[in-house]
Every structure is written in structure tokens, then in C-alpha cells.
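Below, each chain spelled out in residue letters.
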Amino acid sequence: MYTLKPSFSKTLFLKSPHLRSSFKPQFFPSTGKHLSFSITCKLKTSKDGKGSKGLANKIVLSEGAPAVSDDGSGNGEAQPKPANKGGGAGGGGFGGSVKRFPRKVLSVLSNLPLAIGEMFSVAALMALGTAIDQGEAPDFYFQKFPEDNPVLGFFTWRWVLTLGFDHMFSSPIFLGMLTLLATSLMACTYTTQIPLVKVARRWNFLHSAKAIRKQEFSESLPKASVQDLGVVLMGAGYEVFLKGPSLYAFKGLAGRFAPIGVHLAMLLIMVGGTLSATGSFRGSVTVPQGLNFVLGDVLSPSGFLSTPTKAFDTEVHVNTFYMDYYDSGEVLQFHTDLSLFDLDGKELMRKTISVNDPLRFDGITIYQTDWSFSALQILRDGEGPFNLAMAPLKINGDKKLFGTFLPVGDSDSPNVKGISMLARDLQSIVLYDKEGKFAGVRRPNSKLPIDIDGTRIVIEDAIGSTGLELKTDPGVPIVYAGFGALMLTTCISYLSHTQIWALQDGTTVVIGGKTNRAKVEFPDEMDQLLDHVPEVVESSSPSKQSDAISG
């Protein structure tokens, strides 16, 4: 055992009638050079009445290490801290656990491996939604994913219909995964990116040459001025701040904001995609030339957020439908002339649409997607015209073929025979007699008759049908804005955030700096900047100048 005899400077004790102190130094053997003691003071005012209260403070002085005991008990032993039963600021008990819970949740959600796993899960679900036909009837999935021959040995229609894979992008599992990914992005922004920006925006001066030399780049300039360095850095695009002999400069702070912008852009894309999947309407219709349809009769909601508008009462009239052809006779393009009318019969809009040139009206888009052969208009032995419905015929490949039949003789006979007419498009009609032999080819509107089995036929017109796809998608503007912001913020994120510190140490300027990008080029850039800092030339002293003048 040994005893430490401390000595205290006189300035430690204040002679004042308002300060009463009970000084109880406590000394402990220690291998280190640490001195710990506590002072308990009570400060009273001169008005020592009944209503006055003493203000008790504990001052803990430590040289090199905190005190072993900070409870003022004076027994020389470290006292354990009592449990915080009330769940106060100490963080103990149930209340402290509740307060720590949000931080733990944010820490888990902002975990990078978790976010990467969520992104891969969303990508896998999207790929699966692309592979599985969406929006089909249950019978379609019964046939494509039968239980007696499951895909990959286990995947059947039960998986598709139970998990909602037949409408993947509005299914609970997909929307839930998107929500989890969005939560992780927001947690990462709150716990990581925003604090980094706050730190980057501080004017952080370094007042120690040793601290400056610990930076990624450090250099010393003899016979230089920190003010001249500041001028050079300002010319290079830096924001420069001076405080006495210390300098702080930075540039490229926008690069620190870019990750936050990237996260917000991704959130916009996910919000827009979710709104498209749950708040849109879709529908398709094939309409013969000259007929009408109402928008609300065709459009069907795709999710629980789908809300119809007044535009759904608009009536669409197909004025004309026609096609353009290559020289080889193949279909090049098809067009539809549409008119839109309100409930009072007033024409609101008219436009001829084609593939990749849709009609847009009050949030509803009408696309030209397909065509069909509706009817063949003929004259029979000078009578008519008669409209013969054209039916699609299945053939190998993706070529279209339509056909119709004109009975010849007794139509009530069980063995009805007649003239067959086939067409691949609206250009020409191929005719066959009742024995199935080729009879000839006629073009619509050519007015050229053809006699088959004693019947004269004139092809008056070929009436086509337009295939239209209709949709409302309120999420499209949000998705476009998100992708635009994503491209912009991604480019901004490549800007280097560079920080430079300098200290005037006599006639020498100590310089240090760091950057978060372009670390290889940074030293060369700094060397070029420092080459432009002028050298300070010391002027002669006044005594030497006077001697030189007198001499």
C-alpha cells in the first residue's frame, strides 16, 4: 500500500459566503497515473428563506480517465448503477427497451445485404410475372400448369392462383416486397445518408498540423500564405473559409446529396409502379368499321385503387379502318379513324390512330394493336348487298386467314354445298366452287363479276375490324419522373466531394485533403493547385533599410 499526497492549486478553492463544500478526496492504488476525486457543493443565495431551495451539483474531475466512482458515496468502491425502474433517460427497463426498439428496427432495415436480397426478390418476382401469362381465366392455368405434370416437379396451377401470380404486379406478395424494399431505402436514407450530408456541410477547421498531416494527402509549403492558398482554391471552384490561421475548403457537395436523390428516385419508381398496378384500368376490343362502343364498357379495373372518371361515359365511333401494304403484299401498317362523343352527341375529338401513334383523351389512351376481317359485302345475281361474316381460320404459323361460305341450292338440305371465299387481308378474295375447285380471285370495289355454279357474284367491299387496346395508367408520369431523377442523380453521384484543410504554421502552410472519389487523380490535382500558390518574399527590416540609405 502507498499513499498519494495531492497538491491543489489555490485557484481550485473559492472563498465565497455562498459556496459551502464538503470535500472528500478518495485515493486508490493504481498502476496508471490517474487521479480521481469528487467534490460535492451546495450553492445558496443570500435570501435563505423557507421558499429557497439548495442547488446540489456534483463536479467530477479526472486526469486521464474517468473516476472509479461517480456517485459521491465516498466509500472508495465502485458502486453499481441502480436499475432504472421508470424507464427514463437511462434506457433501462421496459421503457428504455421501447425507446431503443425503433433504432433497432431502423438498423435492421438499413442493412445493405437485406436491401440487396429484397431487390433480387423483386427482380425474381418480376421475371416470374413475365414468364407466366397474366390476367387469363383459371381454365388457362389449369391446362398450362396441370397437377399431373407439374413444372419443375412441383409448380402447378395451385401456386399460380393461390399466390396471385396470375396478376403478379398487384399481388400481395409482390406489393409487400416492394413495401419492404421502400422501407429499407427510407431507413438507409435516414440513418446513413442524411447524417453524412450533415457532417459534410459543417465547416470543420483543423487547428493541429499533426491532424492535417494524417489526411489522405498532405504537403507543406514553406514561405507561403494561407490567404494566397485560399485565393487559388477559390479559382479552382472551392468554397473557402478562413478562421485565423486555419483554412477549410470543399467542393462537390452535391455528390453527397446524390445518394439521397437516388433513393428518392427509386421510391418514385416504386410508388408509380404500384399505382399503375393497383389503380389503372385496362381493356381490349375488336370493333367493325362503322360501329360504336362506350369506354366504360370496355375498361376493367386492375386493382383496389382503380376509380372511374367522367370520361368513361364517352362513346367512340369507328369511322373507317384501312391498311397499308408492302410491294410484296404483306401488311405494313393499319389505321383507324376514331371520333369521340359525349352523352349529348357532341364530338369531343377526332383522330386517325395507327401502331405507335395512339389517341389520348382525359387520361385514357387508345392504342392500335390488331386488326381482323369482319364481313364481306357482295351482290348475288344483282341482288343485295349482302354481308357475309368472315370467320378466322387456324393455320400453321402466324399468318392470318379468314373465310366465309355462300350456300348454293337448297339451304335446308343436310348436305348443303356452296361457294367458299378465303382472304388473307383486305386486298383480294379467293373464290372456290361448291366442289372446292379454284374459281378465281377478285378485289373488293373492283366491280368485276364472277360466275360460279350458275351464280353471279360481285365483291362490293371488304369490311375490316380494328383491334384496340385501352388503358388508364395514373402511375406513368410518376415512373417517368422517377427514372429521369434516377439518371440525373446517378450522374451527380459521380462528382467527387473534396475537402482541404490548411494551417499557417509560422511561414509554412501545412495542407491536407481527402476526397471520396477519384482518389488516384487527387494528388496530381493538388500538386497542380499548390504550384500556383505564390512564394512569400521576406522584406528587409527597417534598421537594415535605414543603414542602407545612410550608407
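Everything numeric in this text was worked out from a predicted model, so none of it was measured.

Chemist: Whenever I open this one, the sheet that holds strand β17 (residues 402–408) confuses me. Can you help?
Modeler: Strand pairing in a sheet is mediated by backbone hydrogen bonds. Such pairs are either parallel or antiparallel. What the 5 strands build is an open sheet, ordered β16-β17-β18-β19-β20; its pairing is antiparallel. Looking at the sheet topology across the chains shown, the edges are occupied by β16 (391–392) and β20 (438–442). Direction of pairing for β16 relative to β17: antiparallel, over a ladder of 2 bridges. Of the residues in β17, the one forming a bridge with P392 is F402.

Chemist: Would you mind showing me how to read the environment of E460 here?
Modeler: Inspection of the secondary structure assignment puts E460 in strand β22 (residues 455–472). According to the relative accessible area criterion, E460 is buried, its value standing at 15%. Sequence separation between E460 and P449 is 11 residues, and the spatial gap between their C-alpha atoms is 9.8 Å. With near-sequence residues (within four places) excluded, E460 lies in contact with Q377, I378, L379, P444, N445 and K447. Within polar-contact distance, the side chain of E460 engages the side chain of K447 at 3.1 Å.

Chemist: I keep staring at the packing of helix α2 (residues 112–131) against helix α5 (residues 172–201) and nothing clicks. Help me out?
Modeler: Relative orientation and spacing of two packed helices are given, respectively, by the angle between their axes and the distance between those axes. Close contact between α2 and α5 brings their axes to 9 Å; oriented N to C, the two are set at 150 degrees. The orientation of α2 with respect to α5, classified from their angle, is roughly antiparallel. Where α2 crosses over α5, the handedness of that crossing is left-handed. In contact with L114, A115, E118, M119, S121, V122, L125 and M126 of α2, α5 contributes I173, F174, M177, L178, L180, L181 and S184. Of the residues that constitute the contact of α2 with α5, the class distribution is 12 nonpolar, 2 polar and 1 charged.

Chemist: Any chance you could explain the packing of aromatic side chains here in plain terms?
Modeler: Pairs of aromatic rings are described using the distance from one ring centre to the other and the angle between the two planes. Per the counting criterion, the structure on display carries 16 aromatic pairs. Seen from their ring centres, F140 and Y141 are 5.4 Å apart, and the 85 degrees between their planes marks the pair as edge-to-face. By relative accessible area, F140 is classed as partly exposed at 29%. We classify Y141 as buried; its relative accessible area is 0%. When the centroid spacing of 6.0 Å and the interplanar angle of 35 degrees are considered together, the rings of Y248 and F250 count as tilted. For the pair shown, Y248 and F250 are each scored as buried. Three or more aromatic residues joined by ring pairs form one cluster here, namely F205, F241, Y248, F250 and W501. K400 extends its terminal NZ or CZ atom over the ring of W371, reaching a point 4.6 Å from the ring centre.

Chemist: Where do I start with the nonpolar core in this structure?
Modeler: In a soluble, globular protein the nonpolar side chains are often hidden away together inside. F373, L376, I378, I419, M421, I429 and I457 are the most contacted members of the largest nonpolar core, which has 23 residues in total. Listing elements by their share of this core, those giving two or more residues are β10 (315–325), β14 (364–380), β17, β18 (417–423), β19 (429–432), β21 (449–452) and β22. For this core, the element with the highest residue contribution is β14, accounting for 4 residues. Excluding residues that lie within four positions of it along the chain, L376 makes contacts with F386, N387, L388, M390, T404, M421, I429, I459, D461 and A462.

Chemist: Explanation requested: the sheet that holds β10 in the structure shown.
Modeler: A sheet is described by the order of its strands in space; here 4 strands give the open sequence β8-β10-β11-β12, paired in antiparallel fashion. Of all strands in the sheet, those bounded by a partner on one side alone are β8 (292–294) and β12 (347–354). Across the sheet, the mean angle separating the axes of adjacent strands is 25 degrees when strand polarity is ignored. With 10 bridges connecting them, β10 and strand β11 (residues 331–341) associate as antiparallel partners. Considered in β11, the bridge of V318 is made with L338.

Chemist: Help me understand the pairing of strand β7 (residues 281–288), please; the structure alone is not making it clear to me.
Modeler: Sheet faces and side chains relate simply in a regular strand, where the side chains alternate between the two faces. In β7, alternate side chains face the same way, and those of F281, G283, V285 and V287 are buried while those of R282, S284, T286 and P288 on the opposite face are not. In this structure, β7 lies alongside strand β9 (residues 300–301), joined through 2 bridges in antiparallel fashion. Across the sheet, F281 pairs through a bridge with P301, a residue of β9. As paired strands, β7 and β22 are joined by 8 bridges and run antiparallel to one another. Residue R282 lies in a different strand from β22, and its bridge partner there is K471.

Chemist: Where do I start with the pattern of salt bridges in this structure?
Modeler: Two side chains of opposite charge can pair, provided their charged atoms sit close to one another. All told, the structure shown has 12 salt bridges when counted by the stated rule. We note a salt bridge from K144 to D133, for which the minimum N-O separation is 2.6 Å. Within this pair, whereas K144 is found in helix α3 (residues 138–144), its partner D133 is found in the loop between α2 and α3, the two being separated by 11 residues in sequence.

Chemist: What is the right way to look at unusual backbone geometry in this model?
Modeler: Residues apart from glycine generally show negative phi values, whereas peptide bonds are mostly found in trans. Here G384 and P385 are connected by a cis peptide whose omega angle stands at 10 degrees. Summarising the element assignment, P385 is placed in strand β15 (residues 383–389). The phi torsion at L152 lies on the positive side, around 60 degrees, for a residue other than glycine. Inspection of the secondary structure puts L152 in the loop between α3 and α4 (157–162). Its identity is not glycine, yet K447 carries a phi of approximately 65 degrees, on the positive side. Among the secondary structure elements, K447 is positioned in the loop between β20 and β21.

Reading guide: rules and limits
Residues numbered from 1 in each chain as written. Predicted model: local features only at pLDDT ≥ 70, side-chain atom pairs only at ≥ 80, totals over all residues. Heavy atoms only, no water. Pairing = 2+ DSSP bridges. Helix = DSSP H or I, 4+ residues; strand = E, 2+ residues; numbered from the N terminus. Buried < 20%, exposed > 50% of the residue type's maximum accessible area, 1.4 Å probe, protein only. Contact = heavy atoms within 4.5 Å. Polar contact = N/O pair within 3.5 Å; in protein donor to acceptor, adjacent residues only side chain to side chain. Axes fitted to C-alpha atoms, helices over the stretch in contact; angles between N-to-C directions. Parallel < 35°, antiparallel > 145°, perpendicular 65-115°, else oblique. Left-handed = near helix turned anticlockwise from the far one by under 90°. Nonpolar A, V, L, I, M, F, W, Y, C, P; charged D, E, K, R; others polar. Phe/Tyr/Trp six-rings, centres within 6.5 Å; stacked < 30°, edge-to-face > 60°. Lys NZ or Arg CZ within 6 Å of the ring centre and 35° of its normal. Core = buried A, V, L, I, M, F, W, Y, C linked by side-chain atoms within 4.5 Å. Salt bridge = Lys/Arg side-chain N within 4 Å of Asp/Glu carboxyl O.

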